[in-house]
Structures are given as C-alpha cells and as structure tokens.
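# Structural overview for review
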Amino acid sequence: MKERMDSTRSHQEHKADDKRAERTETRNSWQPRILAFLCNWCSYAGADLAGVSRIQYPPNIRAVRVPCSGRVNPIFILKCLQNGFDGVLVSGCHPGDCHYISGNYVARRKFAVLKTVLEFMGLEPGRVQFSWVSAGEGEKFAQVVTRVTEDVKRLGPARKLVKAVRSSDTKD
Amino acid sequence: MANVEQLLRDKVEELLKEKKVSCVIGHARGSTAFRSTPVFARSEADTDGLIFDITCGNNLAQYLRRCDRAQGDRVGIVAKGCDGRAVVQYVAEGQVKREDVLIIGVPCEGVLDHRKVRDRVQDRDVSRCRVDGETVVFEGKDFEVSMDRSDVLSDSCKRCRYPNPPVYDVFITEPVEAAPEKCGRQELEKFEELGASERWAFFEKEFAKCIRCYACRNACPMCYCEECFVDQSDPQWFGKSTDLSDTMLFHIVRALHTAGRCVECGACERACPLGINLSLLNQRVEREVRERFGYTPGLVPDQIPAMAAYNEEDKQEFIL
C-alpha cells in the first residue's frame, strides 16, 4: 500500500514538473487572449477610429459587437473565462450617452455586482474589466486595450473557472 | 409557543369563516417531530393541523405564486420575518398584488437547522421537540437530548436583522424585538481577511460537494423563473454534469440572479443535502447592494428593486 502511494505521488510530481516546464516555456511566447464586448454606438466606433487613425494597440483582443453594454449578460463573461479566454473587457458609452438612454447605467450595476462576486471568491481582479469609450476616443480605446492586455499578461494564463483546456486552445 | 399556535389557529379559522381569505398557507408537522411541512388550509377543519414553532423553517412565500385561487380571492400567509420580506419583494417585483395577500405575522425567534439536530440525535426517532427557555429538548423512545438554542439554530437566523415581517395585516401576539447586536457579520469579515487563493480554494472545496440537485433553487422564494437558466437547452448555458467549472458558474450566476433580491431566509442552505455554505456569497452581495445602491430587499413594497433600477450617481471607480 505504502509503495503504491509513493509511486502515485511521484507520478503526480512528475506530471506537475511537466506542467511547470510547459508553463515556463509558454510564458515567454504566451500571448493572452482577451474577449472585448464593444457597444455598437460608442466603443466599437472608438475601436474603428483607432484603426483608421492608425493608432497602435496590442492585437490580443477579439471584438464582439453588441448593441449596448446593457446587452452583456454576466453569463457571457463567465462563459468566456470558462472557455479559455484569459481576460474579458466590456466597453460601452459614457454615462449619459447611451443610445438607449439607460442601458449602460443598468449594465454598471450588473458589472459592479459581478466584479464584487468574482473578486470575493478569489478571482484575479484584472481578468474582467470595464470601460467607457466614446466614438471619438480612438486614443483612449488604444490605451484601454493596452492597459487591459498588460494586466492580463501580468496575471498569466487563466486557470480558474476554465472548463477544459484542449490542445488547440493553448496555441493561438 | 403553544399560546401562539392556539391564537394562530383561532385567527385563521376566523379569517376562513368570515371568507376574508380563501386559503391560508401555513406550517404543519412534518415527517418527524423536528421538521415541518407547508400546508394549505382551505376550510376551518384544516386549521387544527396548523403549527408555529422553532421547526417551521420553510419559506412559505414561494407557495403564493403557486396557490390555486380564483380571481380576486385573497390568500393568507403565516409569515416570519423572512417570509414577510419575500412577500414584500414579490410585490415589489410585480409577482403578487399586495391586496391579494393577507400577511399573518408570527413572532419568530429563529428556526432549527435540522442537520445540527440530526448530528446529535443520529437516526433515532424523535417524537417530541420542545423549547424550554434557551434549551431545545428532543424526546423519543428511551432517550432525551437537550441542546442549547444557539447550537441548533440555523446560521441565517443568527444573523437575522428582520425577525418580523416588515409589512403585515394581523400579528399573532407581539412582534419580537430585533437584536442587532446579535446580527453576526463575523463570518463574512473573517473570511475576507483570507488571501485570494485561500478564498478560491474555499469556494472550490464547497462547490465541489454540489451534486446539482437544485434543491437550493427550489427552496428559494426568489428563484421563481418559469425556466431556470440551468434548464435551458437552447442555448444550453451549462453542462449537465457536476464538472466543477459548471457547478461554480451555477452558484455564481444564482448569486447574481438573487442580488438585491435575496431576503436571507437561509432556505437554500437548509435544503442543501450536502451542507454547502451557500450564504457566504449571498452575504457579500447583500452588503455590496446595500452599501453601493443603498437598497435592502424585501422592506418596501413599492420600491423598484436595485438591479432593475439605476442612479446616475452610482459609483464607478472600477470602470476604466
């Protein structure tokens, strides 16, 4: 019995070593993947402006255009983390500028509670972030993406809440 | 409590006789002497079985929406503080009309956590349960177990800030005095002192026990969606297995869905067959909603619930 336990432990240790090696190896080349939910009326246009103005920002975000930041169900954000995104950004219109008058105000309440819950449970604060970017703020959009990318890079690959890591998911 | 029970039966009988209500939702003795079961009293004969004591832990509010009644009929409900808050929240959320409910307030000094009783009496049959001051006595054939009230009370009752229904139509005897000094937030505060990885490990350990039976959801007065997000199949948000990631998502989303709505009755925890600590997350959310939005659910019937409202001046320090 003792022998078997020992051999199991060494097997686990072996596996852990493998994983550690894999991580250090990938850390240098690893790039975070961040999903950005951008509101159609402001932040998506802000991203567009950053593009046409040729402002540089990290290529780590994948944009999903949503009608309003209020459209973003917290489940979407959790599903992103579960399915292997390292970070999530939700960006909408500044308060008072919502195309639907109050969508971003309601979103703000939802996000405040979601962020509280995740951080209370021990998820890294930088994984899920929120911003207001207007259609005229191409520069700010680039700054936000740069900051979020740096934050997520510092945190490393997401490990919490991740459901299953398929081999194709680890490569970008 | 015997006095309360008799007065309650008399009152319900009177209400039914005078046709002020078509039905009263109350408690009756359950499968053992320290459990209770919800009961619908529709005639005077049904009132004999009504009880109210330390064993009445079910939150009855959820039966309001399910109770068969004709248009315009009024339904009575025996309400502890938390049942009353759930009814008020229903009114605030447009689920029932205030005038359709007759709230019968009862003095609640906390309810039993049947698991704590089970730990002591094991599988022996309890035939009688009585409260003697601060002691609760469980009697059966050839045995008697005495426990301190504080050792058998549900944890949510130890934190209770609203032992009386905030709104009621009749009250059996007198409202009990709230004891704010006893409303322990120590568990939450102590937990928050832990580091992030310890907190995460705690929740992983707790939710790993979950068998996804959804008893918490079914016992919860606020989980009344016709189709719960975990049951949806198009899109199917969650895997059906007990994969830890799916289970944690279920509990996170349930905490979000009950944000600004949870009346802290503890029905979820008492219903959980695995004894998972479900209230810690809810306590944190409750505090956030209270401090950030200045809202406490289940107190004012005509107040818009926090998560359905907004204030232009809401804090947004977390937004870039």
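Residues numbered from 1 in each chain as written. Chains lettered and ligands numbered in written order. Predicted model: local features only at pLDDT ≥ 70, side-chain atom pairs only at ≥ 80, totals over all residues.

## Topic: the overall build of chain A
Across its full length, chain A holds six helices and four strands. Listed N to C, the secondary structure of chain A is α-β-α-β-α-β-α-β-α-α in terms of helices and strands. Counting every position in chain A, which comprises 172 residues, the buried fraction comes to 45%. Nonlocal contacts in chain A, meaning residues at least 24 apart in sequence, comprise 84% of its contacts between residues at least 6 apart. (Helix = DSSP H or I, 4+ residues; strand = E, 2+ residues; numbered from the N terminus. Buried ≥ 20, exposed ≤ 12 C-beta atoms within 10 Å, placed from the backbone. Contact = placed C-beta atoms within 7 Å.)

## Considerations on the interface of chain A and chain B
In this assembly, 30 residues from chain A lie in contact with 31 residues from chain B. Secondary-structure elements contributing two or more residues to the side of chain A that touches chain B are α3 (74-82), α4 (103-121), β4 (128-132) and α5 (138-155) of chain A. Examining the composition of the side of chain A that touches chain B, we find that 13 residues originate from one element, α4 of chain A, more than from any other. Tallied by class, the residues present in the side of chain A that touches chain B amount to 17 nonpolar, six polar and seven charged. (Nonpolar A, V, L, I, M, F, W, Y, C, P; charged D, E, K, R; others polar.)

## Section: the environment of Val-126 of chain B
Residue and element names in this part refer to chain B. With respect to the secondary-structure elements, Val-126 resides in strand β5 (residues 126-132). As for Val-126 and Gly-140, which are separated by 14 residues in sequence, their C-alpha atoms are 4.5 Å apart. Not counting chain neighbours up to four residues away, the residues in contact with Val-126 comprise Thr-32, Ala-33, Phe-34, Val-121, Phe-138, Glu-139 and Gly-140.

## Let's talk about the sheet that holds strand β3 (residues 87-92) of chain A
Residues and elements named next belong to chain A. Sheet architecture is open: four strands sit in the order β2-β1-β3-β4, paired in parallel fashion. At either margin of the open sheet sits one strand with a lone partner, and together these are β2 (61-66) and β4. When strand polarity is set aside, the average angle formed by the axes of neighbouring strands in this sheet is 20°. As judged from the five bridges shared by strand β1 (residues 34-39) and β3, these two strands associate in the parallel manner. (Pairing = 2+ DSSP bridges. Axes fitted to C-alpha atoms, helices over the stretch in contact; angles between N-to-C directions.)

## Concerning the domain arrangement of chain B
Residue and element names in this part refer to chain B. Along its sequence, chain B is organised into domain 1 (1-110 + 160-184) and domain 2 (185-311). Computed from C-alpha atoms alone, the centre-to-centre distance between domain 1 and domain 2 is 25 Å. If you look at the interface, domain 1 gives 20 residues, while domain 2 gives 20 residues. Among the secondary structure elements, those contributing two or more residues to the side of domain 1 that touches domain 2 are α2 (62-66) and α3 (81-92). Take the side of domain 1 that touches domain 2: its biggest share by element is seven residues, from α3. Among the residues forming the side of domain 1 that touches domain 2, the class breakdown is nine nonpolar, seven polar and four charged. (Domains from an automatic or database assignment.)

## Some details on the confidence of the model for chain B
With 98% of its residues at a pLDDT of at least 70, chain B reaches an overall mean of 91. Across the predicted assembly, pTM comes out at 0.88 and ipTM at 0.90. (pLDDT = per-residue confidence, 0-100.)

## Some thoughts on the pairing of β3 of chain A
Residue and element names in this part refer to chain A. In terms of residue burial, β3 counts as a mostly covered element, since six of its six residues are buried. Bridge count for β3 against β4 is five bridges, and the pairing is parallel. Bridging from a neighbouring strand, Leu-89 pairs with Gln-129 of β4. Traced from β3 through α4 to β4, the parallel crossover comes out right-handed. (Right-handed = clockwise from strand over helix to strand, strands pointing away.)

## Looking at the packing of α4 of chain A against helix α10 (residues 244-257) of chain B
The interhelical angle for the contact between α4 of chain A and α10 of chain B, taken along N-to-C directions, is 140°, at an axis separation of 10 Å. Taken together, the axes of α4 of chain A and α10 of chain B are oblique relative to one another. Both α4 of chain A and α10 of chain B take part in a crossing whose hand is right-handed. Across the interface between the two elements, Val-113, Leu-114 and Val-117 of chain A from α4 of chain A touch Ile-252, Ala-255 and Leu-256 of chain B from α10 of chain B. (Parallel < 35°, antiparallel > 145°, perpendicular 65-115°, else oblique. Left-handed = near helix turned anticlockwise from the far one by under 90°.)

## Here's the deal with the sheet that holds strand β2 (residues 36-41) of chain B
Residues and elements named next belong to chain B. Taken in spatial order, the five strands line up as β2-β1-β3-β4-β8 in an open sheet, and their pairing is mixed. Lying at the two open borders of the sheet, with one neighbouring strand each, are β2 and β8 (170-171). By the bridge criterion, six bridges tie strand β1 (residues 23-29) to β2 in an arrangement that is antiparallel. The residue bridging Val-24 from the neighbouring strand is Ala-41, located in β2.

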